[in-house]
Amino acid sequence: MVGLEIVQVPVLSDNYVYLVHAPESGATAVVDPAVSEPIIAELARRGWQLTHILNTHHHGDHTGGNRKLKAAFDLTVVGADNDAARIPGIDVRVRDGQRYEFGGHQAQVFEVPGHTSGHIAYYFADSDALFCGDTLFALGCGRVFEGTMTEMWTSLDTLRGLPDATRVYCAHEYTQANAKFALSVDGTNQKLRRRAAEIDDLRARGIPTVPSLLGTEKSTNPFLRADDPAFAAALGMAAADPVAVFAEVRSRKDNF
Ligand code: ZN
Ligand code: FE
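The structure contained in this document is the topic of the report that follows. Bear in mind that the values here come from a model prediction, so they are computed numbers and not experimental data.

Reading the values: the criteria
- Residues numbered from 1 in each chain as written.
- Chains lettered and ligands numbered in written order.
- Predicted model: local features only at pLDDT ≥ 70, side-chain atom pairs only at ≥ 80, totals over all residues.
- Heavy atoms only, no water.
- Pairing = 2+ DSSP bridges.
- Helix = DSSP H or I, 4+ residues; strand = E, 2+ residues; numbered from the N terminus.
- Axes fitted to C-alpha atoms, helices over the stretch in contact; angles between N-to-C directions.
- Contact = heavy atoms within 4.5 Å.
- Donors = N, O, S within 2.8 Å, 3.2 Å for Na, K, Ca; no water.
- Tetrahedral: all angles 85-135°; square planar, octahedral: opposite > 155°, others 65-115°.
- Buried < 20%, exposed > 50% of the residue type's maximum accessible area, 1.4 Å probe, protein only.
- Phe/Tyr/Trp six-rings, centres within 6.5 Å; stacked < 30°, edge-to-face > 60°.

Focus: the sheet that holds strand 6 (residues 92–94)
Either a parallel or an antiparallel arrangement is found when strands of a sheet pair, and the pairing is made through backbone hydrogen bonds.
Argument step 1. Reading across the sheet, the 6 strands line up as 1-2-3-4-5-6 and stay open at both edges, with mixed pairing between neighbours. Lying at the two open borders of the sheet, with one neighbouring strand each, are strand 1 (5–11) and strand 6. Taken pair by pair, the neighbouring strands of this sheet meet at an average axis angle of 25 degrees, ignoring direction.
Argument step 2. In this sheet, strand 5 (residues 76–80) lies alongside strand 4 (residues 52–54) in parallel orientation, the contact comprising 3 bridges. The residue of strand 5 that forms the bridge with His-52 is Thr-76.
Argument step 3. Along the sheet, helix 1 (residues 37–46) makes contact with strand 1, strand 2 (15–21) and strand 3 (28–31), crossing strand 1 at roughly 145 degrees.

Written out as structure tokens, the structure reads:
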């Protein structure tokens, strides 16, 4: 089977919307359409018919285009069963562990609460692609608005369990600011230092830093390192519970 074709559409100030196209069946999904017009234009350019909306969470910069796209196409809106009341136009409700079949490909659904209570992620194992919305970012993670620190850490730990070769299609280009923060808590990490330099170079040339590889996130993203004893010790939190370390890093970032 041919892998999914994934097109990154930058919208608003720093959002990424993704078109996911299954060449064999012609099915085309949009992940987290913040807006509708640029998506309709990109679909027209490629000659693709939109068949699905996959929403990760209810925030307006992820669902703002749902209604207009649903009016313009014969499509199915997929979102969290847990948060159905806040997903505009939802047709299919999905839950943790479920496999949602999209155009001959399987999307594995993970419930990843924390940023919002009903946040989900979609993982296409056959294409090494993870759509994680505002849960995991390149070198960062989403703010914990609705869930607990325990929930957010558990959610990140779940995503971290996927293969290193997984490409992390997060919903924002926050990487350069995240790198500055990451260096403030993990400045002796040589892999992080090299990555931060690469990110500065990419951004100076206007190139997206997303998607990143999950394997790279595991070794450089401070929010995935809360259970690393050396990292905790460097924060003055040797032997602390990973949730406490995660909460400390998250609160430092909130105030950075
Ligand atoms: Zn959000
Ligand atoms: Fe967002």
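What about the sheet that holds strand 13 (residues 167–170)?
Argument step 1. The strand order across the open sheet formed by 6 strands is 7-8-9-10-13-14, and the pairing between neighbours is mixed. Edge positions in the sheet fall to strand 7 (99–102) and strand 14 (212–213), since each of these pairs with one other strand and no more.
Argument step 2. Two elements, strand 10 (residues 129–133) and strand 13, share 4 bridges in a ladder whose sense is parallel. For Ala-129, the partnering residue across the bridge sits in strand 13 and is Arg-167.
Argument step 3. Seen against the sheet, helix 4 (residues 149–160) touches strand 8 (105–111), strand 9 (120–124) and strand 10 and runs at an angle of roughly 155 degrees to strand 8.

Side note on the coordination of the iron ion (ligand 2)
Argument step 1. Only Asp-61 (OD), His-62 (NE2), Asp-134 (OD) and His-172 (NE2) from the protein reach the iron ion (ligand 2) as donors, at distances of 2.1 to 2.3 Å.
Argument step 2. Classification of the site at the iron ion (ligand 2) rests on its 4 donor atoms, whose angles at the metal span 84 to 164 degrees, yielding the label irregular.
Argument step 3. Along the chain, the residues that donate to the iron ion (ligand 2) are spaced as D-H-x71-D-x37-H.
Argument step 4. Here the zinc ion (ligand 1) and the iron ion (ligand 2) are spaced 3.3 Å from one another, each receiving a donor from Asp-134. Here His-62, found in helix 2 (residues 60–63), pairs with Asp-134, found in the loop between strand 10 and strand 11 (136–137); they are 72 residues apart in sequence, far enough to count as distant. Summarising the burial analysis for this pair, His-62 and Asp-134 share the class buried.

A short note on the environment of Gly-26
Argument step 1. Turning to its location among the elements, Gly-26 is positioned in the loop between strand 2 and strand 3.
Argument step 2. Measuring from C-alpha to C-alpha, the distance between Gly-26 and Leu-50 comes to 9.1 Å, with 24 residues separating the pair along the chain.
Argument step 3. Dropping the residues within four chain positions of it, Gly-26 is found in contact with His-21 and Gln-49.

Re the packing of aromatic side chains
Argument step 1. Counted according to the given criterion, the structure contains 11 aromatic pairs.
Argument step 2. Here Phe-137 and Tyr-174 contribute two aromatic rings whose centre-to-centre distance is 5.0 Å and whose plane-to-plane angle is 75 degrees, an arrangement assigned as edge-to-face. Of the two residues, Phe-137 sits in strand 11 while Tyr-174 sits in the loop between strand 13 and helix 5 (175–186), which places them 37 residues apart along the sequence.
Argument step 3. Measuring from ring centre to ring centre gives 6.0 Å for Phe-223 and Phe-246, while their planes differ by 70 degrees; the resulting arrangement is edge-to-face. Linking Phe-223 in the loop between helix 7 (214–220) and helix 8 (229–234) with Phe-246 in helix 9 (residues 242–254), this pair joins segments that are 23 residues apart in sequence. Of the two residues examined, Phe-223 and Phe-246, each falls in the buried class.
Argument step 4. The rings of Tyr-16, Tyr-18, Phe-102, Phe-124, Phe-131 and Tyr-169 are connected pair by pair, giving a single aromatic cluster.

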